[in-house]
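For reference, the chains in residue letters:
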Amino acid sequence: MIGINILTVTQLNTYVKAILDGEKKLWDVFLLGEISNLTNHYQSGHLYFSLKDEKSTIRAVMFFFSAKNLKFTPKNGMSVIVRGKVSLYENSGNYQIYVEDMQPDGLGSLNLAFEQLKEKLANEGLFDPTLKKPLPRYPQRVGLITAKTGAALFDVLSILKRRCPLIEVLFYPVMVQGTKAAEQIIEAIKFFNLQKNEKSRADVLIVTRGGGSIEDLWCFNDESLAREIFKSKIPIISAVGHETDFTICDFVADLRAPTPSAAAEVVSPEMNETILKIDTYVLRMKRKIIDEIKKYQKEVAAFASRNKLKEQIRWINKKKMILQLSVNKLESNFLRILNKKKEAYLLSVSRLDNLSPLKILSLGYSLAISEDGNVINSITKVNKNDEITIKLKDGQLRCSVNKKIKK
Amino acid sequence: MKQMSFEQAMKDLEEIVAKLEDGEESLEKSLELFEKGAKLAGFCNEILANAEQKVTELTNTAIEKGAENV
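S.K.: How would you sum up the overall build of chain B? Please name residues and give values.
M.R.: Each helix and strand in chain B was counted, giving three helices and one strand. In sequence order, the secondary structure elements of chain B are arranged as α-α-β-α. Put simply, chain B has 70 residues, and 20% of those count as buried.

Now the structure itself:
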């Protein structure tokens, strides 16, 4: 290795630092950028952060003796103009800016871009609450779009398993940060929307990732992704980062869940609750049908008794009528018979009267009675010398037959 | 009923309960609804009782081939 100048890391860092420090243009720089990954060392009071724009990042440090003069509290996402010296921190080999002064520059440019995109999409109606698709109450399959290695995957699966193992999970692994993330998530949404096969069709999609810096979550502010979510026929739940993080994805999705776990809870009905619900339904049906049967029984009974009564009345009326007819008939018959009888009686009486022997005797006739007590109405009934009795109106005569003279 | 989804079964069950409670139906129809509802409830309970979490990871091949491999 003769002739090759081998450096130590320290030598290289010192050398680069010397070059940077020798460049006069870098001694006093005004720089516009957005603060991210800010850490405030409370003990030392030094501020460590990054400044960034759409493409690049630079490490920055603001020491206590400068930071104490700041009139505002720097925050992540804030766009600022800083003044300082560019140099290299030999220990880490990081090239960075040593900030002496810092002014806020209104909204950070990323934030500005975010706000502009948000406004644009809102004006186009992508966030229209009336266009949001309703979530299925009992999804059979959930399409899960998240990183294979993230905590979000674990959170979602464990909650689904606990609450409703009935739900089948179709997990589509994607990158959830960096330049390729948005594109992959778009592909995933397209994939699910293209499925025709019943078994691979998701009823709802969850697009999710865990917490991270604004830059980490930035892919969820992608315009094409927002449009793909809007286009999706399958309802989409967006759960990006923590509760305080809002992305364009969240606004355009059919539902925004604050965390991956919350998204899992939203799609999964609690199984115990569902079981209880089914039981309640069965109970309600039973109660109703029993009521119904009872009501019906009563109705039938009432109907029957009502009909019976009616029939009885009708029967009675009919019988009454027949009876009346009979009575009438009877009465008329009776009267006729009675009258006839009366006449007959009167006739008989008069006849009887006429036939009365006493009446006849009173006229001067007499009645001859033989010894054996029979009325003698012919000379043949007696013999000569027979003893007979002659009844007159006031007594009788005992006589003997002297002679029979035939007429 | 085997091909029916859980969600569909629950939906049908809810509709039957509502219809029954409306009380507009004849007793015969009510009994028919009740029988159908009871069957649906049994079907749902059975599905829930046998539920086991199933996770399918869509591999690159599955994604390329689409539905058939899933």
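And the narrative resumes.
S.K.: Residues and numbers for the overall build of chain A, please.
M.R.: Along the backbone of chain A there are ten helices and 13 strands. The 407 residues of chain A split such that 25% are buried. If you take every contact in chain A between residues at least 6 apart in sequence, the share linking residues at least 24 apart comes to 63%.

S.K.: Lay out unusual backbone geometry in plain terms, naming residues and giving numbers.
M.R.: Residue and element names in this part refer to chain A. Backbone geometry at Asn 37 places phi at a positive 50°, although glycine is not the residue there. Mapping Asn 37 onto the fold places it in strand 1 (residues 29–40). In this structure, Asn 385 takes a positive phi of about 75° despite not being glycine. By the secondary structure assignment, Asn 385 is in the loop between strand 11 (367–369) and strand 12 (387–392).

S.K.: So, the pairing of strand 2 (residues 47–52) of chain A: which residues are in play, and what are the values?
M.R.: All names here are of chain A. Direction of pairing for strand 1 relative to strand 2: antiparallel, over a ladder of five bridges. Counted as the bridge partner of Ile 35 is Leu 51 from strand 2. Note that strand 2 and strand 3 (residues 57–62) share six bridges and pair antiparallel. Looking at strand 3, one finds that Leu 47 is bridged to Met 62.

S.K.: Please provide a residue-by-residue account of the sheet that holds strand 2 of chain A, values included.
M.R.: Residue and element names in this part refer to chain A. Pairing is mixed around the closed barrel formed by five strands, whose spatial order is 1-2-3-5-4. Here the strands of the sheet are splayed against their neighbours by 55° on average, with no regard to which way each runs. Bridge count between strand 1 and strand 4 (residues 79–89): six bridges; the pairing is antiparallel. Counted as the bridge partner of Phe 30 is Arg 83 from strand 4. Against the sheet, helix 1 (residues 9–22) contacts strand 4 and strand 5 (94–104), and its axis sits at roughly 130° relative to strand 4.

S.K.: Outline the pairing of strand 5 of chain A, listing residues and values.
M.R.: Every regular strand shows the same layout, with side chains that alternate between the two sheet faces. All names here are of chain A. In the sheet, strand 3 pairs with strand 5 via three bridges, with the strands oriented parallel. Bridge pairing in strand 5 links Arg 59 to Gln 96. In this structure, the hairpin formed by strand 4 and strand 5 is closed by a connection of four residues, where Gly 93 is found at a positive phi of approximately 75°.

S.K.: Could you give me a rundown of the sheet that holds strand 7 (residues 168–173) of chain A, with the residues and numbers involved?
M.R.: Taken in spatial order, the six strands line up as 10(A)-9(A)-8(A)-6(A)-7(A)-1(B) in an open sheet, and their pairing is parallel. The sheet terminates laterally at strand 10 (255–256) of chain A together with strand 1 (54–57) of chain B, the two strands that pair on one side only. In the packing of helix 8 (residues 260–267) of chain A onto the sheet, contacts are made with strand 6 (141–146), strand 8 (204–209), strand 9 (236–240) and strand 10 of chain A, and the angle to strand 9 of chain A comes to roughly 155°.

S.K.: Describe the interface of chain A and chain B, listing the residues and the values that go with them.
M.R.: Listed by partner, the interface residues are 35 residues for chain A and 32 residues for chain B. Within the residue set of the side of chain A that touches chain B, elements represented by two or more residues are helix 4 (151–163), strand 7, helix 5 (181–194) and helix 9 (271–355) of chain A. No other element matches helix 9 of chain A, which puts 13 residues into the side of chain A that touches chain B. Of the residues that constitute the side of chain A that touches chain B, the class distribution is 22 nonpolar, five polar and eight charged. Of the pairings in the sheet, the one linking strand 7 of chain A to strand 1 of chain B comprises four bridges and is parallel in character. If you follow Val 169 of chain A over to strand 1 of chain B, its bridge partner there is Val 55 of chain B.

S.K.: Residue-level account of the environment of Ser 36 of chain A, with values.
M.R.: Relative to the helices and strands, Ser 36 of chain A resides in strand 1. If we ignore the near neighbours within four places in the chain, the residues touching Ser 36 of chain A are Phe 49, Ser 50, Lys 52, Asn 76, Ser 213, Ile 214 and Glu 215 of chain A.

S.K.: Any details on the packing of helix 1 (residues 6–22) of chain B against helix 2 (residues 27–49) of chain B? Residues and values, ideally.
M.R.: All names here are of chain B. With their axes 9 Å apart at the nearest point, helix 1 and helix 2 run at an angle of 150° to one another. For the element pair helix 1 / helix 2, the angle class is roughly antiparallel. The two elements helix 1 and helix 2 meet at a crossing, and its hand is left-handed. Each of Phe 6, Ala 9, Met 10, Asp 12, Leu 13, Ile 16, Val 17, Lys 19 and Leu 20 in helix 1 lies in contact with helix 2, whose residues at this interface are Ser 30, Leu 33, Phe 34, Lys 36, Gly 37, Leu 40, Ala 41, Phe 43, Cys 44 and Ile 47.

S.K.: With reference to specific residues and values, describe the nonpolar core.
M.R.: Among the nonpolar cores identified, the biggest contains 66 residues, and Ile 145, Ile 185, Leu 205, Ile 206, Ile 237 and Cys 249 of chain A together with Leu 13 of chain B are the most heavily contacted of them. Considering every element that reaches this core, the biggest residue donor is helix 5 of chain A, with eight residues. Both domains that furnish three or more residues to this core are identified here as domain 2 (112–269) and domain 3 (270–353) of chain A. Those residues within four positions of Ile 185 of chain A in sequence are excluded, and the remaining contacts are Ile 145, Val 174, Val 207 and Leu 225 of chain A. In this structure, Leu 47, Phe 49, Ala 60 and Met 78 of chain A belong to the second largest nonpolar core, which totals twelve residues.

Basis of the calculations
- Residues numbered from 1 in each chain as written.
- Chains lettered and ligands numbered in written order.
- Predicted model: local features only at pLDDT ≥ 70, side-chain atom pairs only at ≥ 80, totals over all residues.
- Helix = DSSP H or I, 4+ residues; strand = E, 2+ residues; numbered from the N terminus.
- Buried ≥ 20, exposed ≤ 12 C-beta atoms within 10 Å, placed from the backbone.
- Contact = placed C-beta atoms within 7 Å.
- Pairing = 2+ DSSP bridges.
- Axes fitted to C-alpha atoms, helices over the stretch in contact; angles between N-to-C directions.
- Nonpolar A, V, L, I, M, F, W, Y, C, P; charged D, E, K, R; others polar.
- Parallel < 35°, antiparallel > 145°, perpendicular 65-115°, else oblique.
- Left-handed = near helix turned anticlockwise from the far one by under 90°.
- Core = buried A, V, L, I, M, F, W, Y, C linked by C-beta atoms within 7 Å.
- Domains from an automatic or database assignment.

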